[in-house]
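A look at the structure
Chain residues, written in single-letter form:
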Amino acid sequence: MPAKIHISVNGEFCDKEGNVIQLRGVNLDPSIKIPAKPFLSIHTPIVDGKYFEDADKVSFINHPLVLEDVEEHIIRLKSLGYNTIRLPFTWESLEHAGPGQYDYDYMDYIVEVLTRINSAEQGMYVYLDPHQDVWSRFSGGSGAPLWTLHCAGFQPANFQATEAAILHNYYIDPKTGREIGKDEESYPKMVWPTNYFKLACQTMFTLFFGGKQFAPKCIINGENIQDYLQGKFNDAIMTLYARIKDKAPELFDNNCIIGLESVNEPNCGYMGEANLDVIPKERNLKLGRTPTAFQSFILGEGIKCTVDQYKRTFFGFTKGKPCTVNPGGKKAWLSAQERGTIDAKYNWERNPEWEPETCIWKLHGVWENHRSRGPVLLKPNYFGQANETVFINNHFVEYYTKMYNKFRAIDKESFVFLQQPVMKLPPNLQNSTLLDDRTVCACHFYDGMTLMYKTWNKRIGIDTYGLVNKKYSNPAFAVVLGENNIRKCIRKQLAEMKKDAKSMLGERVPVFFTEIGIPFDMDDKKAYTTNDYSSQIGALDALGFALEGSNLSYTLWCYCSTNSHEWGDNWNNEDFSIWSPDDKLLYRENRSKTPTRAPSPTSTTDSISTSKSKLNSSSQPPSFIKLESNLDLDSPSCSLETDLSGYRALDAIMRPFPIKIHGTFEFAEFNLHNRTYILKIVGKTGMTTATTHIFLPRHHFALNRLSIRSSSGQYTYNADYQVLEWFHEPGHQYIEICLKSKSRSSTPVSDDSNDLPADCIIS
Ligand SMILES: CC(C)CCC[C@@H](C)[C@H]1CC[C@H]2[C@@H]3CC=C4C[C@@H](O[C@@H]5O[C@H](CO)[C@@H](O)[C@H](O)[C@H]5O)CC[C@]4(C)[C@H]3CC[C@]12C
């Protein structure tokens with residue numbers, strides 16, 4: 001059973017003795033965003049009303065994984081030294097049939113998935129993530145059930161005509177099942193997040209977090225829509241969580257489930273927009289047809305409107321020719337008759353002031369459709385009072401308080417992962433009773449350049465975090481040049497995010513990157529034919545380098561068991577999976593081209609002896625996986641072939657890291673090019689035996705060329721588990737692990753070293 005995770009006074013994950021541990025793993029798996037039965041990928045063409053009409057009859061069972069395959073995937077992940085899973089699930093998967101109508105079969109399936117994860121080779125730590133992207137799949141992403149949009153009075157079947165959202169489904173030819181047109185002309189890559197600035201998503205988030213303040217007329221069954229939606233959302237999540245506790249308490253007793261996240265990537269909607277008549281200057285993402293908020297209200301009412309269009313160019317997002325959108329009389333709002341039918345179905349009673357077929361922002365006097373002058377914006381600053389900081393510290397905190405209290409009522413022990421809006425500072429909760437000693441700050445990081453251009457640009461980089469947080473008076477100052485500087489800049493950004501988060505939540509709160517990753521379909525998917533993953537390796541190595549620099553725990557976005565080269569992660573043309581069945585073949589072909597074994601060099605590991613030793617796995621985090629026996633120690637990943645095939649950019653994913661530090665972390669760096677790993681720590685004082693455990697993958701560190709030196713101590717390398725145990729002295733210590741070049745007899749020694757002969761026992 002994996003060890004229980006604690007939090008140290010410095011806000012680091014540790015074991016009960018206070019040894020710092022690191023959590024590493026993946027988001028498993030993005031398929032939770034789409035129904036399994038019928039299989040409705042986000043690129044399933046919408047040919048008739050059925051997509052919407054049958055939205056209450058779907059099932060998500062088998063997403064994230066087919067039960068029979070759980071063990072295989074977990075073992076594969078453990079072969080990377082991973083010990084943690086972020087398990088996303090959507091509100092829709094729990095409550096698609098209607099408010100309060102839960103899919104208990106899906107909940108029981110999730111219990112079974114968790115049970116299987118727990119029993120696969122000592123299990124993994126798992127935390128749950130109520131996931132969403134741009135509100136729901138009906139507004140271009142994933143998350144909420146269709147009825148939530150109906151609840152707001154929306155008619156999602158008309159979102160396409162009114163540009164209230166951009167959905168990939170509409171850019172698929174129903175005859176061929178393939179994309180219509182070329183990328184920039186039809187469904188540009190990474191266009192889906194622009195939905196955050198379109199009518200459907202912006203309205204839903206405004207209602208969810210700020211309905212009471214901004215839409216007081218939207219009262220349903222006696223409650224403001226904000227309370228109604230938040231209540232339903234929280235109830236659904238907690239029903240799942242309580243059911244897991246009830247049906248499988250051993251998952252908690254065995255330290256498998258470690259917690260729950262607040263909600264994925266919360267968004268402020270319109271709140272903070274100072275002028276609804278313009279595109280806010282600080283908006284960094286402008287792609288495709290880009291209406292202002294006011295224009296999107298107009299379009300939503302079925303009125304023709306000319307909007308700006310943006311293209312992605314070498315210089316960023318460039319304004320092109322404006323374009324006239326004609327909804328052809330269709331409205332994004334339900335007609336009186338449609339709404340009547342839906343309200344009867346769900347027993348909804350609305351405030352009589354809430355007129356059907358009407359933009360709710362018109363209803364609240366933000367604009368009017370004047371008889372002679374046409375659409376007129378009456379209150380351009382309607383949402384302006386709640387700026388970003390106000391939103392996070394009030395509206396978001398109000399939501400978080402409810403979520404936190406409900407969660408703590410059923411689980412006092414597990415972690416609550418507080419996730420603030422993407423790349424923003426968390427609320428200032430120092431000295432608040434909302435922060436307990438089991439609170440974790442969940443951050444996300446994506447490098448803007450890599451994400452938007454789908455390439456690893458070694459020459460030009462952008463300080464994305466600095467840009468998003470307006471740290472530069474001119475965006476040009478956010479530019480960095482040269483690969484080394486770009487890598488350092490990403491490392492600096494993550495360190496700053498950690499520092500900023502702690503400045504709001506206090507030192508005691510650990511910072512966990514619950515999402516970080518890269519698109520693998522870089523350079524127009526070149527790697528899928530050439531197997532040259534050097535761009536992806538460069539980008540991922542930069543992230544690894546950055547995370548290591550601050551000893552950050554993380555779960556990569558993502559691992560998708562059904563990834564394919566054609567459709568990526570089956571969602572919005574994204575392809576972030578670190579593993580793909582389609583890459584298995586590539587991997588095999590590649591391995592058959594390179595000699596399986598280099599001619600055995602003279603052993604340079606003369607200071608390393610072998611002996612039998614057992615790893616005391618019962619007291620460890622569950623990152624160890626015993627590899628097959630009869631290892632050929634000269635070959636770095638000899639018996640791992642079956643486990644590792646299908647991994648993409650493996651060189652950068654497979655990394656050494658301190659699983660458990662007997663003391664505190666000071667510095668770490670893995671240099672992929674010369675295969676060197678340096679770790680600096682401060683060993684605890686007053687201890688007789690001090691052991692730090694390092695995951696040392698044989699993929700990089702072939703035993704016959706291993707060279708270790710350190711400021712003190714001895715080592716035992718357990719090759720089966722790929723774990724180096726370093727027995728060291730107290731105080732400032734370092735260890736440097738590298739590969740001796742075939743011709744070199746000794747490793748480079750830095751001037752200030754207190755070099756001791758490596759005494760390493762291999763078991
Ligand atoms: C010169 C450049 C073009 C400058 C780029 C500036 C901006 C366009 C970008 C700066 C910050 C970016 C956003 C960062 C994070 C995001 C969250 C992300 O959602 C999660 O990511 C997964 C992969 O996309 C997804 O599958 C998960 O479900 C999500 O939880 C989506 C993108 C973005 C909003 C990103 C967009 C571009 C920037 C604003």
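Computed from a predicted structure; not experimentally measured. Residue numbers run consecutively from 1 along every chain, following the written order of its sequence. In keeping with the model being predicted, local features are shown solely for residues with a pLDDT of at least 70 and side-chain atom pairs are shown and tallied solely at 80 or more, while totals for entire chains, interfaces and linings include all residues. Values reported for side chains reflect all heavy atoms of the structure, with hydrogen atoms and water molecules removed beforehand.

Okay, the site of the ligand next. What makes a residue near a molecule or strand is one non-hydrogen atom of that residue sitting within 4 Å of it. Every one of the 26 residues lining the ligand counts as a neighbour, but Lys-33, His-131, Asp-133, Glu-515 and Glu-574 are closest to it. Pairs of N or O atoms within 3.5 Å make up the polar contacts considered here, provided that, within protein, one atom can donate a hydrogen while the other can accept it, and that residues adjacent in sequence are counted only when both atoms are side-chain atoms. Glu-515 places a polar side-chain atom, nitrogen or oxygen, 2.8 Å from an oxygen atom of the ligand. Contact between the ligand and Glu-574: an oxygen atom at 2.5 Å from a side-chain N or O atom of the residue. Per-residue accessibility takes into account occlusion by the displayed protein chains alone, with areas from the Shrake-Rupley method and a 1.4 Å probe. In the complex, 92% of the free accessible area of the ligand, which totals 770 Å², lies under the protein chains. The helix count covers DSSP runs of H or I at least four residues long, the strand count covers runs of E at least two residues long, and both are numbered beginning at the N terminus. Looking at the shell around the ligand, the elements with two or more residues in it are α14 (448-453) and α15 (464-468). A total of four residues in the shell around the ligand trace back to one element, the largest contributor, which is α14. Within the shell around the ligand, the residues separate by chemical class into 17 nonpolar, four polar and five charged. Residues are grouped as follows: Ala, Val, Leu, Ile, Met, Phe, Trp, Tyr, Cys and Pro are nonpolar; Asp, Glu, Lys and Arg are charged; all remaining types, including Gly, are polar.

Two strands are counted as paired when DSSP detects at least two bridges linking them. Around the barrel, which closes on itself, the eight strands sit in the order β4-β5-β6-β9-β16-β17-β20-β21 with parallel pairing between neighbours. Taking each pair of neighbouring strands and ignoring which way they run, the sheet shows an average axis angle of 25°. Two strands pair when backbone bridges link them, and strand β4 (residues 24-28) and strand β5 (residues 84-90) are joined in this way by three bridges, in the parallel orientation. If you follow Val-26 over to β5, its bridge partner there is Ile-85. Residue contacts are counted whenever heavy atoms from the two residues lie within 4.5 Å of one another. For helices, the fitted line uses only the C-alpha atoms of the stretch in contact; every axis is such a line through C-alpha atoms, and the angle between N-to-C directions lies from 0 to 180 degrees. Sitting on the sheet, helix α8 (residues 225-247) touches β5, β6 (125-131) and β9 (257-261), and the angle it makes with β9 is about 175°.

With that settled, the discussion passes to the sheet that holds strand β30 (residues 731-739). On the basis of which strands lie adjacent, the open sheet formed by four strands has the order β24-β25-β30-β27 and antiparallel pairing. A single partner strand is all that each edge strand has here, and the edge strands are β24 (663-671) and β27 (706-710). Sheet twist, expressed as the average angle between the axes of neighbouring strands with direction ignored, equals 10°. As judged from the five bridges shared by β27 and β30, these two strands associate in the antiparallel manner.

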